[in-house]
Amino acid sequence: YLALLPFYHAYGSFGLLVTLASGGTVMPVKRFVPAAVLDSARSFAPTLLLTTPQMVNALGRCHLKPGQEGVFASVQHALCGAASLAEEDHTRFRERFGLAIKIQYGSTETLSVSVIRDGSYASGRVGHPYPGVELAIFDEAGRRLPPLQTGRVGVRGPACCSGYGADGSEPLDQIDGFVLPGDMGFLDAHGELNLAGRDGIINIGGYKVSPPEIEGLIAGAFVTSYVK
């Protein structure tokens, strides 16, 4: 496991625990700098790569030295989570490194929820739930919605936390045991989850701002700092 994510992050700790539980080896990268990641991948030959959209974007745009196109040849599973991944970033990474990033969805409250196993891409689509995970879509009144209707995403499974705080006593937003991580989405006819933004609009002086707009600006600033 080439550990690009900090271990205090839910996604990073997930990768650490899964690797150790399966008898694997962890190679931490001190700080996410594309050049350091590529050098570490070449020397370590990882089989597991967990990334975020910002990391995929930066690696897809950074300068490559001759021969670095094959640094991820040993990777068997490359997963991207934590936020939505743009199609152009997914395509650029695959064309540059010959490796398809598998989209997965999850949150701090739920850990990993769903995944697209074949590495294909469709905007908003985040795949089927992992074994043992249940998905449901709810309207504002807390009623379950049928397939193809957009509402609040609910997740129920063994990895979901029961509450916030050191002792878990602070209440968690949930309906009938389904944790609500704050995302909007729908289930398609095949039972795959499709995301459609975040639950909640911020009102700034009369202007309605969606959280993904803010997240996109922050991500753009993050990537620009590495590309330059």
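These numbers come from a predicted model, not from an experiment.

Participant: Help me understand the packing of aromatic side chains, please; the structure alone is not making it clear to me.
Facilitator: Two aromatic rings, taken as a pair, are described by how far apart their centres are and by the angle between their planes. If you walk through the whole model with that rule in mind, you get four aromatic pairs. Relative to Phe97, the ring of Phe72 lies with its centre 5.0 Å away and its plane at 70°, an arrangement referred to as edge-to-face. Placement of Phe72 in the loop between α3 (53-61) and β4 (77-80) and of Phe97 in helix α4 (residues 87-97) is noted, with a sequence separation of 25 residues between them. Exposure remark for Phe72: the relative accessible area of 1% places this residue in the buried category. Both rings, one in Phe93 and one in Phe97, keep their centres 4.8 Å apart while their planes meet at 50°; by these two values the pair is tilted. Highlighted residues: Phe93 and Phe97, both in helix α4, separated by four residues, approximately one helical turn. In this structure Phe93 comes out as buried when scored by relative accessible area, which is 0%. Among the aromatic residues, those joined into a cluster by ring pairs are Phe72, Phe93 and Phe97.

Participant: Is there a simple way to explain the pairing of strand β7 (residues 125-129) in this structure?
Facilitator: Each regular strand displays side chains that alternate between the two surfaces of the sheet. Bridge analysis of strand β6 (residues 111-115) against β7 gives two bridges, and the strand direction is antiparallel. Bridge assignment links Ser114 to a residue of β7, and that residue is Pro129. Strand direction decides the pairing type here: β7 and strand β13 (residues 193-198), joined by two bridges, are antiparallel. Paired with Gly127 across the two strands is Leu193, which belongs to β13.

Participant: Which parts of the structure should I look at to understand the pairing of β6?
Facilitator: In terms of burial, β6 is largely enclosed, as four of its five residues are buried. As paired elements, strand β5 (residues 102-107) and β6 share four bridges and run antiparallel to each other. Bridged to Tyr105 within β6 is Ser114. Linking two consecutive strands that pair antiparallel, namely β5 and β6, is a turn of three residues.

Participant: For this particular structure, what's the right way to read the nonpolar core?
Facilitator: By size, the foremost hydrophobic cluster in this structure holds 49 residues, and its most contacted members are Phe72 and Phe93. The greatest single-element share of this core, amounting to four residues, is contributed by α3. When near neighbours in sequence (up to four residues on either side) are disregarded, Phe72 contacts Val37, Leu38, Ala41, Leu49, Leu59, Phe93, Phe97 and Leu99. Core analysis: the next-biggest nonpolar cluster, separate from the first, contains five residues, Phe138, Ile175, Phe178 and Leu180 among them.

Participant: Looking at this structure, I do not really get unusual backbone geometry. What am I missing?
Facilitator: Trans peptide bonds make up most of the peptide bonds, and negative phi angles are found at most residues other than glycine. At Ala45, a position not held by glycine, the phi torsion is positive, near 55°. Its place among the elements puts Ala45 in the loop between α2 (34-44) and β3 (48-51). Owing to a relative accessible area of 43%, Ala45 belongs among the partly exposed residues under this scheme.

Participant: When you look at the pattern of salt bridges in this model, what are you seeing that I'm missing?
Facilitator: Note that side chains of opposite charge can pair when their charged atoms are close. One pass over the structure, following the stated rule, counts seven salt bridges. Taking the shortest distance from any N to any O, the salt bridge between Asp89 and Arg92 comes out at 3.0 Å. Taken together, the residues span about one helical turn, with Asp89 and Arg92 both in helix α4 at a distance of three residues. Its relative accessible area of 7% is what places Asp89 among the buried residues. The class for Arg92 is partly exposed, based on a relative accessible area of 23%. Note that Glu192 and Arg125 form a salt bridge whose closest N and O atoms lie 3.0 Å from each other. Remark: Arg125 occurs in strand β7 and Glu192 occurs in the loop between β12 (183-187) and β13; sequence separation between them is 67 residues. Taking the relative accessible area as the measure of exposure, Arg125 reaches 17% and is therefore buried. Taken together, the shared-partner salt bridges in this structure form one network comprising Arg61, Glu88, Asp89 and Arg92.

Participant: Would you mind going over helix α1 (residues 10-21) with me for this structure?
Facilitator: An α-helical turn contains 3.6 residues, so a residue and the one three or four places further along point in the same direction. Counted at 1.5 Å a residue, the expected span for α1 with its twelve residues is 16 Å, and the 16 Å between its end C-alpha atoms agrees. Of all the residues in α1, the buried ones are Ala10, Tyr11, Gly12, Gly15 and Thr19. Positive phi shows up at Gly23, right after α1, with a value of about 80°.

Participant: Even after reading the chapter, I still don't get the side chain of Asp139, so can you show me in this structure?
Facilitator: Structurally, the position occupied by Asp139 is in the loop between β8 (134-138) and β9 (151-156). Contact partners of Asp139, with chain neighbours within four places excluded, come to Leu145 and Arg152.

Conventions and cut-offs
- Starting from 1, residues in each chain are numbered consecutively following that chain's sequence as written.
- It should be noted that, the model being predicted, local features are given only for residues of pLDDT at least 70 and side-chain atom pairs only at 80 or more, the latter also being counted only at that level, while totals for whole chains, interfaces and linings use all residues.
- Only hydrogens and water are set aside; all other atoms, that is, all heavy atoms of the structure, feed into the side-chain values.
- Pairing of aromatic rings covers Phe, Tyr and the six-membered ring of Trp, with a centre-to-centre limit of 6.5 Å; geometry is then stacked below 30 degrees between planes, edge-to-face above 60, and tilted otherwise.
- For helices the rule is a DSSP run of H or I covering at least 4 residues; for strands it is a run of E covering at least 2, with both sets numbered from the N terminus onward.
- We call a residue buried when its accessible area falls under 20% of the maximum for its residue type, exposed when it is over 50%, and partly exposed in between, using a 1.4 Å probe and counting protein chains only.
- Two strands qualify as a pair provided DSSP detects at least 2 bridges between them.
- Here, nonpolar core means buried Ala, Val, Leu, Ile, Met, Phe, Trp, Tyr and Cys residues that are tied together by side-chain atoms lying within 4.5 Å of each other.
- By definition in these notes, contact holds between two residues if any of their heavy atoms fall within 4.5 Å.
- Salt bridge, as applied in this entry: a Lys or Arg side-chain nitrogen positioned within 4 Å of an Asp or Glu carboxyl oxygen.
- Multiplying 1.5 Å by the residue count of a helix minus one yields the expected span of that helix.

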